[in-house]
Amino acid sequence: MPLTDFGTDELVGYRPRLPAPPDFDAFWSRTLAEARSYGGTVKSERVTSAHLLHTVEVDDVRFPGWNGEPVAAWLLRPRGAEGPLPVVVTYIGYSGGRGLPTDHLFWSAAGYAQLVVDSRGQGHDTPDRTAGDGTQWAGGFMTRGIDSPENYYYRRLITDCVRAVDAVAELPGLDPRRVVVAGGSQGGGLALAVAGLAGDRVAAALPDVPFLCHFRRAVQITGEGPYPEIVEYLRWHSRDRVEQTFATLDHFDGVHFAQRATAPALFSVGLMDPVCPPSTVYAAFNNYRAQDRTMTVWPFGDHGGGCGSNPPVQLSWLRERGLAPELSG
C-alpha cells in the first residue's frame, strides 16, 4: 500500500466532501440525449467459428454509441438456454478491448448472458473516430481532449457504456430488468458511471478495484498505472492548466456517479493496490447513494484485487439479491 495512503480504520470512514460540478447532471443529460438522437439499430450475428465451444453461443454485436458510431461487443450465453436471461454487461480495463470470446467464459458457465463491451480506441474493433478537438498531448487516453469536458475522451467512452445498457432491450433472450454492470479497474470505474447514469435500468453493479475515482487524490499518491499520465501533463502545464484540468476531470469522477447510483453494489478493493489506491476506492464506496452496498476487502491484494477468489463472492452476492439465472434440470 502506498505510504501516503490511509490505514484500514481511516479507510472505512473515509468520505471526502467532493461536490459535483454545478452542471454535472445537465452535462450528462445533454450528452446522452445527443447520443440517442442519432438512432440506429443493434445488429447481432452468430459467430460460427465458436462452434468448438460446446456449451456457449457467441454473437458478434454492434450497437450505436457516441455520435451513433457502431461499438463492438461479444454476447455470450449458455448454449440452448431459454431466456430471458440475466445479463452481465462487462467493461474492460485500461488499454484493453473486448479481446476474444474465449477470454470471457465465466459468466456463461454460471448461466448468465454476458455482453462484453469493446473500449473505443483501446480495443481493436471500435476506433475513436471523433477523437475530440482539444488537447491530444500524451500517448495514453487520460489527457486526450482534457482541455474541456466536451472534448474529453471519457465522455465518449462512458456514453458508449450507457448505450450498451440501452442495447440490451433490443437483443433477444435477455432480461432488461436484470442487468448487472461489471468490470475491474477502468471497467469498474465505467460500471460506476453507468450505475449513476442509467438509473433503475441497472439491477446491480460490480465495480472491482475501480479506476477513475477521486482524481485529485489519486494523482498525488500513486506513481503506477494511468494516473501518472495526468501528472506528466500537469508537470508541463502547471502554470495555467491545473484548475482547468481538474474542472474537466470532475465531470468524470466515479465519486460523483456513485452519489447518484441507486442499484445494489458489490465493490472490491486491494489494500496494497498501487494503481487505484484504497482511499480512492473507499471515496466512491462511502459516497455510494444506495444503502445496499458491500465492500469485499483483500488485505494483501494489489491491483488484481482478489484475483480468482472474487468471482465466487460475486455469484453468491447476486444470488442473495434474486439475480441468479433459473437453472433447469
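Use the structure listed above.
Everything quoted here is computed from the prediction, not taken from an experiment.

Parameters and conventions
Residues numbered from 1 in each chain as written. Predicted model: local features only at pLDDT ≥ 70, side-chain atom pairs only at ≥ 80, totals over all residues. Heavy atoms only, no water. Helix = DSSP H or I, 4+ residues; strand = E, 2+ residues; numbered from the N terminus. Rg over C-alpha atoms; globule rule 2.2 N^0.38 Å. Buried < 20%, exposed > 50% of the residue type's maximum accessible area, 1.4 Å probe, protein only. Pairing = 2+ DSSP bridges. Right-handed = clockwise from strand over helix to strand, strands pointing away. Salt bridge = Lys/Arg side-chain N within 4 Å of Asp/Glu carboxyl O. 1 Å grid on protein atoms, 1.4 Å probe; cavity = no way out; pocket = protein on both sides within 12 Å on 5 of 7 lines; lining within 4 Å. Points joined across faces, edges and corners; volume = space filled by probe spheres on them. Nonpolar A, V, L, I, M, F, W, Y, C, P; charged D, E, K, R; others polar. Axes fitted to C-alpha atoms, helices over the stretch in contact; angles between N-to-C directions. Left-handed = near helix turned anticlockwise from the far one by under 90°. Contact = heavy atoms within 4.5 Å. Arc of directions from axis to C-beta.

Colleague: Give a detailed account of the overall build of the chain, specifying residues and quantitative values.
Modeller: A tally of helices and strands in the chain yields 11 helices and 9 strands. On C-alpha atoms alone, the chain measures out to a radius of gyration of 19 Å, which is about the 20 Å that the 2.2 N^0.38 rule sets for 329 residues. Each principal axis of the C-alpha distribution contributes one length, and for the chain these read about 60 × 45 × 35 Å. Looking at the 329 residues of the chain, the share that counts as buried comes to 59%.

Colleague: Describe the environment of Asp-25, with residues and values.
Modeller: Structurally, Asp-25 is set in helix α2 (residues 24-37). For Asp-25, a relative accessible area of 45% gives the class partly exposed.

Colleague: Can you lay out the pairing of strand β6 (residues 174-184) for me, pointing to particular residues and giving the numbers?
Modeller: Counting buried residues in β6 gives 8 out of 11 residues, a clear majority hidden from the surface. The sheet contact formed by β6 and strand β7 (residues 204-208) spans 5 bridges and is parallel. Opposite Ala-182, over in β7, you have Leu-206 as the bridge partner. Following the backbone out of β6, through helix α5 (residues 186-197) and into the adjacent parallel β7, one traces a crossover that is right-handed.

Colleague: Please set out the pairing of strand β8 (residues 265-270) residue by residue, giving values where relevant.
Modeller: Working note: regular strand, side chains alternate between the two faces of the sheet. Counting buried positions along β8 gives 6 out of 6 residues, so the element sits mostly inside the fold. In β8, alternate side chains face the same way, and those of Ala-265, Phe-267 and Val-269 on one face and Leu-266, Ser-268 and Gly-270 on the other are all buried. As defined by bridge partners, β7 adjoins β8 across 2 bridges and the pair is classed as parallel. Bridge pairing links Asp-208 to Ser-268 in β8. Bridge count for β8 against strand β9 (residues 293-298) is 6 bridges, and the pairing is parallel. What sits directly across from Phe-267, in β9, is Met-295. Traced from β8 through helix α10 (residues 278-286) to β9, the parallel crossover comes out right-handed.

Colleague: Just give me the short version of the pattern of salt bridges, but keep the residues and values in it.
Modeller: Tallied over the entire structure, the rule returns 25 salt bridges. Two residues, Asp-166 and Arg-36, come together in a salt bridge whose shortest N-O distance is 2.9 Å. Here Arg-36 lies in helix α2 and Asp-166 lies in helix α4 (residues 153-168), a separation of 130 residues in the sequence. Of the residues examined, Asp-166 reaches a relative accessible area of 14% and is grouped as buried. Across the pair Arg-178 and Asp-175 runs a salt bridge, and its minimum N-O distance is 2.9 Å. Judged by relative accessible area, which is 10%, Arg-178 ranks as buried. For Asp-175, a relative accessible area of 3% corresponds to the buried category. Here the salt bridges share partners, and the residues they tie into one network are Glu-69, Arg-120, Asp-128, Arg-144, Arg-156 and Asp-160.

Colleague: Run through the layout of surface pockets, naming residues and quoting values.
Modeller: Its boundaries defined by the atoms lining it, the largest pocket holds a volume of some 460 Å³. In terms of lining residues, the largest pocket is bounded by 25 residues, among which Thr-90, Trp-107, Gly-183, Gly-184 and Asp-208 are the most central. Within the residue set of the lining of the largest pocket, elements represented by two or more residues are β4 (85-91), α3 (106-109), β6 and α11 (310-320). Of the residues contributing to the lining of the largest pocket, the split by class is 10 nonpolar, 13 polar and 2 charged.

Colleague: If you had to explain the packing of α2 against α4 to someone new, which residues and values would you point to?
Modeller: Running from N to C, α2 and α4 cross one another at 65 degrees; their axes reach a closest spacing of 10 Å. Handedness of the α2/α4 crossing: right-handed. Two secondary-structure elements touch here, α2 through Phe-27, Trp-28, Arg-30, Thr-31, Leu-32, Glu-34, Ala-35 and Arg-36 and α4 through Tyr-154, Arg-155, Ile-158, Thr-159, Val-162, Arg-163 and Asp-166. Residue composition of the contact of α2 with α4, by class: 7 nonpolar, 2 polar and 6 charged.

Colleague: Quick rundown of α11? Include the residues and the values.
Modeller: Burial in α11 covers these residues: Asn-310, Gln-314, Trp-317 and Leu-318. Along α11, the residues classed as buried sweep out an arc of 95 degrees about the axis, all on the same side. What points out from α11, more than 90 degrees from its buried face, is the exposed set Arg-319 and Glu-320. Those residues of α11 that are buried are in contact with α3, β6, β7, β8 and β9.

Colleague: Give me the sheet that holds strand β2 (residues 56-64): which residues, what numbers.
Modeller: Taken together, 9 strands build an open sheet; the order of strands is β1-β2-β3-β5-β4-β6-β7-β8-β9 and the sheet is mixed. With partners counted over all chains shown, the strands left at the sheet margins are β1 (43-46) and β9, one partner each. Between one strand and the next, the sheet's axes are offset by a mean angle of 20 degrees, whatever the strand orientation. Sitting on the sheet, α4 is in contact with β2, β3 (70-78), β4, β5 (113-117) and β6, with an inclination near 165 degrees to β4. Each of β8 and β9 touches α10; the most contacted strand, β8, lies at about 165 degrees to it.

Interpretation in functional terms is not warranted from these geometric data alone.
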